Amino acid sequence: MKTFVSGMVLAALPLLAHHSFSAEYDEKKPVTLKGTVSKFDWSNPHVFFYLDVTDSSGKIVNWALEWESRIELKRAGWSQDSLKVGDTVTVEGSLARDGSKQAEGKSVTLASGKKLSSPNEAQAPKSNAAAKPTPKWPDGQVRLGIGPGELGYWASPSAASLVENTAGNIRMNREGILANIADAGKVAPFQPWAKGLYEYRQRNLLKDDPMASCLPPGGPRQFQVANGVEILEQPERKRMFVMSGGGNRNWRLIYMDGREQPKLEDATSTYFGDAVGKWDGATLVVNTLGFNERFWFSNGGLPHTEALKLTERFSRPDFNTLKYEVTVDDPGAYTRPWTGGWTLRWVPDQEIEEYFCDDYNRDQEHAEGK
Amino acid sequence: MVYLAALPAGAQEGFPLNGSWHGEWSPTPSQKVPILIYMKWDTKNITGTINPGAKGMPLKVATLDPSKWTVHLEADTKDATPVHIVVDGKLDNLGSYNRTITGTWTQGTMKGDFKVTRD
């Protein structure tokens, strides 16, 4: 028994890392497992539990089931008490691509009949405040963040990846992997090299994603991360902060004091760039430049260069909806400026809890490669 | 420690040829000539230099074919009688920071294999 457990732990270690689910698991290989919970790791970057399953020969095999982050699971109704060692459960999932006894969990049904789903399978959270109007500051300006006495943040983007808004409906999974690679040319007006690189990343199931090495989600991707974002407004200091739920609790600063933006050639290249914002009626317009090339600025692996400039427009048409639109101007990677966007949903009465993507991260080889 | 030391190099996820590439080419099977190629995408063209420094050779032609990830470079040596250099290679390990270009290096009448790795 001791030998078996040791072998199981060694086999499970590579999973304790931050990575693209699509690169690790094959959605086309569903699996149903019934067994007994042997361990429940309510941990970041991804939650795990382990299941003793009796195979057809009567042998007990330990399976590792990987789920999304704690933040996402909480949004779908999970808690650290959802499972106990010894619980008998049935799991639906997708098998690991490497053939190991590992799977991505889609849903788990307890002996009581209660079913818990991954956030992708669960219904998006519904706000109890659907009828409330757009909140405003005393001076009438729209509030993009929380009001006095409130809790909440923005999550559940309506699009998996940034796509030009004239592209029509392009099917892709939640990580931005196209259902049909032939659609790549519709996503954005790529330069040839950028289209080639985008297709390369798509064909490789995003395995080189810098976020897998815990690098920040700069640009529009900050509003695509599954763990959500919180917007903190400080009108007295004439600045705003966008706090990421994912990444490594990264934050981005938007100056609202009317300062001039540096010229592109003078800007320091960073993950979040130099951002200045101003209100245009009920819409916040933010211009950002000065990006480095060490990150992917959208899910799905869209390339960019240091020439990237963004114009983002934020509005809140009702209490529960944040409308996000971005114009991408990067003559190094695209043939012309282009625009896309999505909406985010208000997650009421919750805080974004602490999240560090490199907790339990054993993916050192990948990090070294970056 | 290795992990921490490796990170500041930073990933480079933009134009795949950007940066400094170190390696060597082989005019003969027993000879290895060190080379450094610096390349930069200026949003429309690839610019750069072979062996930057006093005898640096500006790239006269530099193209990347993203359908096959092949690279073609041309330059002239800075000798009294310049010698033309033609480099044809293939970009590999595209998703890695330390990607490589391998292929054929032709310098005047000499020809041999080469390999460079992105620093």
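On a predicted model such as this, the values are computed, not experimentally measured, just so you know.

A. Representation of the overall build of chain B. Within chain B, the secondary structure is distributed over 1 helix and 9 strands. For chain B, the C-alpha radius of gyration of 15 Å lies close to 14 Å, the compact-globule estimate for 119 residues. Relative to its 119 residues, chain B shows a buried fraction of 29%. Summarising the internal contacts of chain B: among those between residues at least 6 apart in sequence, 29% fall at separations of at least 24.

B. Seen up close, the confidence of the model for chain B. Residue and element names in this part refer to chain B. Per-residue confidence for chain B averages 90 on the pLDDT scale, and 91% of its residues sit at or above 70. Predicted confidence is poor over residues 1-9, with pLDDT under 50, and the contacts of this stretch with residues over four places away or in other chains come to 7 contacts. Quick note on the complex model: pTM equals 0.85, ipTM equals 0.90.

C. Structural view of the domain arrangement of chain A. Taken domain by domain, chain A comprises domain 1 (2-117) and domain 2 (152-369). Put simply, the middle of domain 1 of chain A and the middle of domain 2 of chain A, counted by C-alpha atoms, are 30 Å apart.

D. View of unusual backbone geometry. All names here are of chain A. If you check the backbone angles, Leu205 has positive phi at about 55° while not being a glycine. With respect to the helices, strands and loops of the structure, Leu205 is situated in the loop between helix 5 (192-203) and strand 8 (229-234). With phi around 55°, Lys238 is a residue other than glycine that occupies positive phi space. For Lys238, the position within the fold is in the loop between strand 8 and strand 9 (239-244). On the basis of neighbour count, Lys238 is assigned to the partly exposed category, with 13 C-beta atoms found within 10 Å.

E. Main features of the nonpolar core. Core analysis: the biggest nonpolar cluster contains 75 residues, and Trp154, Ala194, Tyr324 and Tyr334 of chain A together with Leu17 and Ile46 of chain B have the highest contact counts within it. Of the residues forming this core, the biggest block, 5 residues, is contributed by strand 15 (residues 338-348) of chain A. Ignoring any residue separated from it by four or fewer positions in sequence, one finds Ile46 of chain B in contact with Leu17, Met39, Trp41, Leu59, Ala62, Thr63 and Leu64 of chain B. By size, the runner-up hydrophobic cluster in this structure holds 22 residues, among which are Tyr25, Leu33, Phe49 and Trp63 of chain A.

F. Just the sheet that holds strand 1 (residues 19-25) of chain B, in detail. Reading across from one edge, 4-3-2-1-9-8-7-6-5 (chain B) is the order of the 9 strands in this open sheet, with antiparallel pairing throughout. A strand with exactly one partner marks an edge of an open sheet, and here the two such strands are strand 4 (57-58) and strand 5 (61-65) of chain B.

G. Quick look at the pairing of strand 5 (residues 102-110) of chain A. All names here are of chain A. Pairing between strand 3 (residues 60-66) and strand 5: 3 bridges, direction parallel. Bridge pairing in strand 5 links Glu66 to Glu104. Both strand 4 (residues 88-96) and strand 5 contribute to a ladder of 7 bridges, which runs antiparallel. Paired with Val89 across the bridge in strand 5 is Leu110. The loop that links strand 4 with its antiparallel partner strand 5 comprises 5 residues; one of these, Gly99, has a positive phi angle of about 80°. Bridge count between strand 5 and strand 6 (residues 115-117): 3 bridges; the pairing is antiparallel. Following the sheet pairing, Val108 is matched in strand 6 by Leu116. In sequence, strand 5 turns back onto strand 6 through a hairpin of 4 residues, with Gly113 there showing a positive phi of about 95°.

H. Expanded view of the environment of Thr54 of chain A. Its location among the elements puts Thr54 of chain A in strand 2 (residues 48-54). Looking at Thr54 of chain A, the number of C-beta atoms within 10 Å reads 12, which means it is exposed.

I. Highlighting helix 5 of chain A. Look at helix 5 of chain A: 16 Å from first C-alpha to last across 12 residues, which is about the 16 Å you get at 1.5 Å a residue. Those residues of helix 5 of chain A lying buried are Trp193, Ala194, Lys195, Gly196, Leu197, Tyr198, Arg201 and Gln202 of chain A. The inward-facing, buried residues of helix 5 of chain A contact helix 4 (184-187) of chain A together with strand 5 of chain B. Leu205 of chain A sits one or two positions beyond helix 5 of chain A and adopts a positive phi of about 55°.

J. Representation of the confidence of the model for chain A within the structure. All names here are of chain A. In this model, chain A carries an average pLDDT of 88, and 88% of its residues clear a pLDDT of 70 or more. Every residue in residues 1-17 scores below 50 in pLDDT, and together they form 15 contacts with partners more than four places removed in sequence or on other chains. Note that residues 362-370 has pLDDT below 50 and, in this model, 23 contacts with residues that lie over four places away or in other chains.

Basis of the calculations
- Residues numbered from 1 in each chain as written.
- Chains lettered and ligands numbered in written order.
- Predicted model: local features only at pLDDT ≥ 70, side-chain atom pairs only at ≥ 80, totals over all residues.
- Helix = DSSP H or I, 4+ residues; strand = E, 2+ residues; numbered from the N terminus.
- Rg over C-alpha atoms; globule rule 2.2 N^0.38 Å.
- Buried ≥ 20, exposed ≤ 12 C-beta atoms within 10 Å, placed from the backbone.
- Contact = placed C-beta atoms within 7 Å.
- pLDDT = per-residue confidence, 0-100.
- Domains from an automatic or database assignment.
- Core = buried A, V, L, I, M, F, W, Y, C linked by C-beta atoms within 7 Å.
- Pairing = 2+ DSSP bridges.
- Expected span 1.5 Å × (residues − 1).

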